[in-house]
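Here is how the chains run, residue by residue.
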Amino acid sequence: MTSKFVPMRTCIACRTEKAKADLVRLVRTEDNDVRVDHSGRLEGRGAYLCRDMACWEAGLKGSYITHALKIAITPENREELLKYGREVCEVKENGREDK
């Protein structure tokens, strides 16, 4: 019996390796914006964060995200991503994960 291949990715904040499906992908778009990749297949340079608010705060406050995506993000974009991170982490804490 063979086991199914599970792609693994590393969180840019805590450096923990997890299954790709357990992480949230952020992608740098062509217009030099950073947004959440819900499908995990958008074109562009990507970085992954855990569904843990500590990782979102560390990843977006420090230089982790700028280093991983090779772009400086605007404060507005950073706040937008933090807001999304709060929503994702709240859903996880409540036991409901919507994809």
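Residues numbered from 1 in each chain as written. Predicted model: local features only at pLDDT ≥ 70, side-chain atom pairs only at ≥ 80, totals over all residues. Heavy atoms only, no water.

## Looking at the overall build of the protein chain
- Of the regular secondary structure elements, the protein chain holds three helices and five strands.
- Mapped in sequence order, the helices and strands of the protein chain form the string β-β-β-β-β-α-α-α.
- Over its C-alpha atoms the protein chain spans a radius of gyration of 14 Å, differing by no more than 12% from the 13 Å that the globule rule assigns to 99 residues.
- When its C-alpha atoms are laid out on the principal axes, the protein chain stretches across 50 × 30 × 20 Å.
- Within the span of the protein chain, comprising 99 residues, buried residues form 36% of the whole.
- Considering only intrachain contacts with a sequence separation of at least 6, the fraction spanning at least 24 residues in the protein chain is 48%.
- Looking at the protein chain as shown, the accessible area adds up to about 6,800 Å², and 47% of this sits on carbon and sulfur atoms. (Helix = DSSP H or I, 4+ residues; strand = E, 2+ residues; numbered from the N terminus. Rg over C-alpha atoms; globule rule 2.2 N^0.38 Å. Buried < 20%, exposed > 50% of the residue type's maximum accessible area, 1.4 Å probe, protein only. Contact = heavy atoms within 4.5 Å. Areas by Shrake-Rupley, 256 points an atom, 1.4 Å probe, with all protein chains shown as cover.)

## Here we look at the side chain of Arg25
- Considering the arrangement of structural elements, one finds Arg25 in strand β3 (residues 24-28).
- A residue is classified by how much of its surface remains accessible, and Arg25, at 10% relative accessible area, is buried.
- Side-chain polar atoms of Arg25 contact the side chain of Asp37, separated by 2.4 Å.
- One polar contact links the side chain of Arg25 to the main-chain carbonyl oxygen of Leu42, over a distance of 3.0 Å.
- In contact with Arg25, not counting residues within four places along its chain, are Arg35, Val36, Asp37, Gly40, Arg41, Leu42, Gly44, Arg45, Gly46, Ala47 and Tyr48. (Polar contact = N/O pair within 3.5 Å; in protein donor to acceptor, adjacent residues only side chain to side chain.)

## Let's talk about the packing of helix α1 (residues 53-61) against helix α3 (residues 75-93)
- The interhelical angle for the contact between α1 and α3, taken along N-to-C directions, is 170 degrees, at an axis separation of 9 Å. Considered as vectors, α1 and α3 are oriented roughly antiparallel to each other. Residues Met53, Trp56, Glu57, Leu60 and Lys61 of α1 form the contact with α3, whose own contacting residues are Arg78, Leu81, Leu82, Tyr84, Gly85, Arg86 and Cys89.
- Classifying every residue of the contact of α1 with α3 gives seven nonpolar, one polar and four charged. (Axes fitted to C-alpha atoms, helices over the stretch in contact; angles between N-to-C directions. Parallel < 35°, antiparallel > 145°, perpendicular 65-115°, else oblique. Nonpolar A, V, L, I, M, F, W, Y, C, P; charged D, E, K, R; others polar.)

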